[in-house]
Amino acid sequence: MQVLPKGIRHIPGFLDRAKQEALVESIRAVVAYAPLYVPAMPRTGKPMSVRMTNCGSLGWVTDKERGYRYQSQHPVTGKPWPAMPDMLLELWRTLSGAAKEPEACLVNFYADDARMGLHQDRDEKDLETPVVSISLGDSCLFRVGGTERSGGTLSFKLASGDIVVLGGEGRLAFHGVDKIYPNTSTLLKNGGRINLTLRRVTV
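Remember, predicted model here, so these are calculated numbers, not experimental data. (Residues numbered from 1 in each chain as written. Predicted model: local features only at pLDDT ≥ 70, side-chain atom pairs only at ≥ 80, totals over all residues. Heavy atoms only, no water.)

**Q** Would you take a moment to explain the side chain of Arg69 for this structure?
**A** Tracing the sequence through the fold places Arg69 in strand E4 (residues 69-71). Arg69 gets classed as buried once you look at its relative accessible area, which sits at 13%. Engagement of the side chain of Arg69 in a polar contact is seen with the side chain of Asp63, the distance being 2.9 Å. A polar atom in the side chain of Arg69 sits 2.9 Å from the backbone oxygen of Gly67. Setting aside residues up to four positions removed in sequence, Arg69 forms contacts with Gly59, Trp60, Val61, Thr62 and Asp63. (Helix = DSSP H or I, 4+ residues; strand = E, 2+ residues; numbered from the N terminus. Buried < 20%, exposed > 50% of the residue type's maximum accessible area, 1.4 Å probe, protein only. Polar contact = N/O pair within 3.5 Å; in protein donor to acceptor, adjacent residues only side chain to side chain. Contact = heavy atoms within 4.5 Å.)

The following block contains the structure:
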C-alpha cells in the first residue's frame, strides 16, 4: 500500500453513480454558458492538451501574453464566469475543512490523449486553504510528489467519483496527470475525463 505525501488525501469512490451523474449535469450547464476553450502556455503560446473553463467568482486562465492568472471573466466570451453549482459548494464544505468558501472551480476536460505536466497550484494568494479535486469519467494515472520539482514522485489511478485533497504540507505538492485510460467509465457518453478543482484564491 502506497503512503501518500503528508497533507494529501485520496478518497476513492466518494461520489456514487447518481451523484456523479448529477454533478455532470450541473457542469453541462456551466459549459453551456462558459464554453470550453484551449488555454495556451505563457511565453511560448503552445496550446495545452486539455480544454477548460471555470465557474465561481474567479477563474484560472493562461495565455502567451499575460501568463497564469485569475480573472473574473471568460477570456473568449468576455462574460463573467457562471456561479458555482450548489453541489460543488456542499462537497467543499464537507471535504476541505476550511472556513473560507471556494472562489474558483477549474473545469478541465481530458480527451484520451490529454496530459498535465507536473506543476504546483501556486497562482493563488491564499496558499493555506486546501485544494479539492474531483474526478469524473475515465480513469487517469495521477502523479504526485513533494514541494520540490526534483523530488521523488509516486503514481496511482484516479477513477470516476474519486476525490483528492491537497492541504497542509501537501498544498504545494507537485502533481500531474500522466495518462488517461480510455473506456474505463460510461459516465460521459463520448468518453474522456473531467477534473474539477476547487480553490480559494484571495486571502
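Still more to cover.
**Q** Looking at this structure, I do not really get the side chain of Thr129. What am I missing?
**A** By secondary structure assignment, the location of Thr129 is in the loop between strand E6 (116-119) and strand E7 (131-137). There is a polar contact of 2.8 Å between the side chain of Thr129 and the side chain of Asp126. Apart from the residues lying within four places of it in its own chain, the contact partners of Thr129 are Trp92, Ala98, Lys100, Arg171 and Arg200.

**Q** Just checking my understanding: could you explain the nonpolar core for this structure?
**A** Note that soluble globular proteins tend to have their nonpolar side chains buried in a common cluster. By size, the foremost hydrophobic cluster in this structure holds 26 residues, and its most contacted members are Leu23, Leu88, Val132, Ile134, Leu136, Leu196 and Leu198. Among the elements that line this core, the one with the most residues is helix H2 (residues 86-95), at six residues. Residues within four places of Leu23 in sequence aside, it is in contact with Leu15, Met87, Leu88, Leu91, Ile134, Leu136 and Leu196. Counting residues in hydrophobic clusters, the runner-up holds 18 residues, among them Cys140, Phe156, Val164 and Ile180. (Core = buried A, V, L, I, M, F, W, Y, C linked by side-chain atoms within 4.5 Å.)

**Q** Would you mind going over the sheet that holds strand E11 (residues 175-181) with me for this structure?
**A** Sheet strands associate in pairs through backbone hydrogen bonding, adopting either a parallel or an antiparallel arrangement. What the four strands build is an open sheet, ordered E6-E11-E8-E9; its pairing is antiparallel. Edge positions in the sheet fall to E6 and strand E9 (153-158), since each has one partner strand and no second. For this sheet, the mean angle separating the axes of adjacent strands, direction not counted, is 20°. In this structure, strand E8 (residues 139-145) lies alongside E9, joined through six bridges in antiparallel fashion. Across the sheet, the residue bridging to Phe142 is Phe156, located in E9. (Pairing = 2+ DSSP bridges. Axes fitted to C-alpha atoms, helices over the stretch in contact; angles between N-to-C directions.)

**Q** Explain H2 to me, please; I cannot follow it from the model alone.
**A** Along an α-helix, a turn takes 3.6 residues, which lines up residues three or four apart on a common side. All buried positions along H2 are accounted for by Met87, Leu88, Leu89, Leu91, Trp92 and Leu95. Note on H2: the residue one or two positions beyond its end, Gly97, has a positive phi of about 70°.

**Q** Is there a simple way to think about the packing of aromatic side chains in this case?
**A** Note on aromatic pairs: each is described by the distance of the centres and the angle between the planes. A complete count under the given rule lists two aromatic pairs for this structure. Residues Trp60 and Tyr68 carry aromatic rings whose centres are separated by 5.5 Å and whose planes lie at 25° to one another, so their mutual orientation is stacked. Accessibility expressed as a relative area gives 10% for Trp60, which makes it buried. When its relative accessible area of 39% is taken as the criterion, Tyr68 is described as partly exposed. Here the aromatic rings of Phe142 and Phe156 are separated by 5.6 Å at their centres, their planes lie at 65°, and the arrangement is edge-to-face. (Phe/Tyr/Trp six-rings, centres within 6.5 Å; stacked < 30°, edge-to-face > 60°.)

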